[in-house]
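# A look at the structure
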Amino acid sequence: MNPVNDATLHNSSHLTRSLLAPNPGPMSLEGTNSYVISAPGAAGVVVVDPGPLDEPHLAALAAAGTVELVLITHRHKDHTEASARFHELTGAPVRAADPAHCHGGEPLRDGEVIEAVGVQIRVLATPGHTSDSVCFHLPGDGPDGSVLTGDTILGRGTTVLDYPDGRLGDYLASLDTLEKLGPATLLPAHGPVLPAVDAVCREYRAHREMRLDQIREALARLGAQAGVQAVTDAVYPDVDPSVRWAAETSVAAQLDYLRG
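The subject of this paragraph is the overall build of the protein. Check the secondary structure of the protein and you find seven helices and eleven strands. Relative to its length of 260 residues, the protein is compact, with a C-alpha radius of gyration of 19 Å against a globular reference of 18 Å. Taken along the three principal axes of its C-alpha coordinates, the protein extends 60 × 35 × 35 Å. A buried classification covers 52% of the 260 residues belonging to the protein. Here the analysis covers contacts within the protein between residues at least 6 apart in sequence; of these, 54% occur between residues at least 24 apart. Within the structure as shown, the protein displays about 10700 Å² of accessible surface, and the carbon and sulfur contribution to it stands at 52%.

What follows is the structure, given as structure tokens:
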């Protein structure tokens, strides 16, 4: 595990290195993993999710090589806050699915294939955590490829759906999309690297189905129109107050899904 204030990039796969931002917390785990993509011997790099506005973190990313492109997985501040500043530092275009988070670059398109720094990067729209969430598939990264999942899949724990922007139906469809990548190495924005995205997708889907069953049981006891707070009390009775909002958000997303 990278120390919180370690400005050293660590090898995360054949074609990527990662740098942990100094922003640990209940939702960000140890912090946000910023990734640097480049083929062996390439002078240029692509940076994914420059993270929070922390000058030493940005300086370390900028020193990794000539930054040719910056990619954003989704709109949340712990991934995008430094985007404008990093564009100033490097001159590299910043591209995201949401035009609001682009700086000198065009919005990303689902299915787009980016050829940069000797690497092929496939853009996959994976809404659910947020409506603008995307993942980046590197098919040439090792024998099974790799996929940078942002917050769509974490290295530890499960993902909060940012309802109403994030929707469970979209999220389950995104898990289907990612599972089709097979045993690609999973490079998450929070938590450790995992060996096979398809296996994790199956675990995530099973977890969601378990939670849906729990909510169905709670509604059977409380009444079909029970509210978010009452259902959260029933399904998450021991949740820490610091993340109660996340539990309520997840319940709201699941009630929306069940009620159509």
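Now that the structure has been shown, we can carry on.
Here we take up the sheet that holds strand β4 (residues 44–48). The six strands lie next to each other as β1-β2-β3-β4-β5-β6, forming an open sheet whose pairing is mixed. Each edge of the sheet is formed by a strand with only one pairing partner; in this case those strands are β1 (10–11) and β6 (94–95). The pairing of β4 with strand β5 (residues 66–71) spans five bridges and is parallel. Opposite Val45, over in β5, you have Val67 as the bridge partner. Against the sheet, helix α1 (residues 55–62) engages β2 (16–20), β3 (33–37), β4 and β5, with an angle of about 165° to β2. Sitting on the sheet, helix α3 (residues 83–90) touches β4, β5 and β6, and the angle it makes with β5 is about 155°.

Using the criterion set out here, one finds 16 salt bridges in the structure. Arg95 is paired through a salt bridge with Glu112; the nearest N and O atoms lie 2.8 Å apart. Residue Arg95 is found in strand β6, and its partner Glu112 is found in the loop between β6 and β7 (113–116); the two are separated by 17 residues along the sequence. As far as burial versus exposure is concerned, Arg95 and Glu112 are alike and both buried. Measuring nitrogen to oxygen at the nearest pair gives 2.7 Å for the salt bridge that ties Asp176 to Arg205.

This brings us to the sheet that holds strand β11 (residues 185–188). Ordered in space as β7-β8-β9-β10-β11, the five strands form an open sheet in which the pairing is mixed. A single partner strand is all that each edge strand has here, and the edge strands are β7 and β11. Averaged over all adjacent pairs, the angle separating strand axes in this sheet is 25°, with direction ignored. In this sheet, strand β9 (residues 134–138) lies alongside strand β8 (residues 119–125) in antiparallel orientation, the contact comprising four bridges. When the bridges of β9 are listed, Val123 appears paired with Phe136.

Moving on: the state of the cysteines. Applying the stated criterion across every chain, the model contains zero disulfides. Free cysteine: Cys135, not disulfide-bonded; nearest cysteine sulfur from Cys201 at 8.7 Å. Under the relative-accessibility criterion, Cys135 is labelled buried at 0%.

Glancing now at the side chain of Thr16. Along the chain, the position of Thr16 falls in strand β2. A polar contact of 2.6 Å, which involves the side chain of Thr16, links it to the side chain of Ser13. Once you skip the residues sitting within four places of it in the chain, Thr16 turns out to touch His10, Asn11, Tyr35, Val36, Ile37, Leu138, Asp141 and Leu187.

Here β7 runs beside β8; their pairing, made up of four bridges, is antiparallel. The residue bridging Ile114 from the neighbouring strand is Ile121, located in β8. Linking β7 back to β8 in an antiparallel pair, the connection comprises two residues, with Val117 at a positive phi of about 45°.

With respect to the helices, strands and loops of the structure, Ile121 is situated in strand β8. When neighbours within four sequence positions are excluded, Ile121 is seen to be in contact with Ile37, Val46, Leu71, Glu112, Val113, Ile114, Phe136, His137 and Leu138.

Within the secondary structure, Ser28 sits in the loop between β2 and β3. Judged by its relative accessible area of 10%, Ser28 is buried. Between the C-alpha atom of Ser28 and that of Ala189, which follows or precedes it by 161 residues, the distance is 8.5 Å. Within the local environment of Ser28, its side chain forms a polar contact with the backbone oxygen of Asn23, the two atoms lying 2.6 Å apart.

After leaving β4, the chain enters α1 and then returns to the sheet as β5, a path that is right-handed. Of the pairings in the sheet, the one linking β5 to β6 comprises two bridges and is parallel in character. Opposite Leu71, over in β6, you have Arg95 as the bridge partner.

The rules behind these values
For every chain, the first residue of the written sequence is number 1, and numbering continues from 1 along that sequence. Given that this is a predicted model, residues contribute local features only at a pLDDT of at least 70 and side-chain atom pairs are listed and counted only at 80 or more, while totals for whole chains, interfaces and linings are drawn from all residues. Hydrogen atoms and water are omitted, and side-chain values are computed over all heavy atoms in the structure. Comment: elements are numbered from the N terminus, with helices defined as DSSP H or I runs of at least four residues and strands as E runs of at least two. Both definitions apply: the radius of gyration is a C-alpha atom measure, and the globule rule equals 2.2 Å times residues to the power 0.38. Here the term buried applies to any residue with accessible area under 20% of the maximum for its type, exposed to any over 50%, and partly exposed to those in between, with areas from a 1.4 Å probe on protein chains only. Working rule for contacts: check all heavy atoms of both residues, and any pair within 4.5 Å makes them a contact. Residue-level accessible areas treat just the shown protein chains as cover; the underlying method is Shrake-Rupley with a 1.4 Å probe. In short, DSSP must find at least two bridges between two strands for them to pair. In this analysis an axis means a line fitted to C-alpha atoms, helices contributing only their contacting stretch, and an angle means the value between N-to-C directions, from 0 to 180 degrees. For salt bridges, the criterion is a side-chain nitrogen of Lys or Arg within 4 Å of an Asp or Glu carboxyl oxygen. Cysteine sulfur atoms are paired as a disulfide whenever they fall within 2.5 Å. Counted as a polar contact is a pair of N or O atoms within 3.5 Å, where, for protein atoms, one must be capable of donating a hydrogen and the other of accepting one, and residues adjacent in sequence contribute only when both atoms are in side chains. The path from the first strand over the helix to the second decides the hand: if it runs clockwise while the strands point away from the viewer, the crossover is right-handed.

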